[in-house]
Amino acid sequence: MNRALIRRQANIPGTLLHDILMHTCLIPFALAQEARQLKMKGYSGEQILRLPLWRSMLVSIAPLHMLNKQLRDAASSGDLQMTDEVLRKGADPNVLDSNKISPLMIAAQAGYFEICQSLIEFGARVNAEDRVGITAMHRAAQMGHLELIVLLWDKGSHLEGIDSWGKRPEDYATGPARTTIRGILGKKIHLPKSLTMS
């Protein structure tokens, strides 16, 4: 889609039939051709035009990547209803961005407890790590989300996981969050689910 937007902004010609042929049958050639055309056009990337209607309609042919994007957006904004809806439609709860950050990591950092619950119910990996080894537990601990620390631990998240800087979730936590983690590590007991953030 991004390539289509760029091509349209650069006024690179291409009929529907041409695009279907080039982008489904001859992808390497299509990419090379677009690169040459963009270089000649001197496209700066400052402005993007809307997709033509017929191009927008083609999105429905392969909607999964759109569902994954909607899931990431919902996790970022705290939209529980949208999160549940796209998960039921088949969005991947473990989809990663370029930094290997998952929707669960996003929601855990923001403190969206119910969204984290929903993601985990649909199979989100609680011990997934981003590019620097930071997990959802690291993020929840850093932000002081006590209920999420308990939820993630209850679902199998490691409290002793070490990131690329050699830090555990406890090292990022302060105040009540650090006390909570130390209590779990020291006593190995389940804290009450009614625990609320201080």
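**Q** Any chance you could break down the packing of aromatic side chains for me, citing the residues and the numbers?
**A** Throughout the structure, instances matching the rule amount to zero aromatic pairs. Taking the ring centre of tyrosine 172 as reference, the NZ or CZ of lysine 167 above it sits at 5.4 Å.

**Q** Explain helix 10 (residues 146-154) residue by residue, including any values.
**A** With seven of its nine residues buried, helix 10 lies for the most part within the structure. Every buried residue of helix 10 is accounted for by Leu146, Leu148, Ile149, Val150, Leu151, Leu152 and Trp153. Looking at the residues trailing helix 10, positive phi occurs at glycine 156, about 105°.

**Q** Got a sec to walk through the side chain of threonine 83? Specific residues and values, please.
**A** Of note, threonine 83 is situated in helix 6 (residues 80-88). The buried category is assigned to threonine 83, whose relative accessible area is 0%.

**Q** Please set out the nonpolar core residue by residue, giving values where relevant.
**A** Counting residues in each nonpolar core, the largest one holds 35 residues, and the members touching the most others are Leu104, Cys116, Leu119, Ile149, Leu152, Leu159 and Ile181. Elements that contribute at least two residues to this core include exactly helix 5 (64-77), helix 6, helix 7 (103-110), helix 8 (113-121), helix 9 (136-143), helix 10 and helix 12 (175-187). Excluding residues within four positions of it along the chain, leucine 159 makes contact with Met137, Trp153, Arg168, Pro169, Ile181, Ile184 and Leu185.

Calculation criteria
Residues numbered from 1 in each chain as written. Predicted model: local features only at pLDDT ≥ 70, side-chain atom pairs only at ≥ 80, totals over all residues. Heavy atoms only, no water. Phe/Tyr/Trp six-rings, centres within 6.5 Å; stacked < 30°, edge-to-face > 60°. Lys NZ or Arg CZ within 6 Å of the ring centre and 35° of its normal. Buried < 20%, exposed > 50% of the residue type's maximum accessible area, 1.4 Å probe, protein only. Helix = DSSP H or I, 4+ residues; strand = E, 2+ residues; numbered from the N terminus. Core = buried A, V, L, I, M, F, W, Y, C linked by side-chain atoms within 4.5 Å. Contact = heavy atoms within 4.5 Å.

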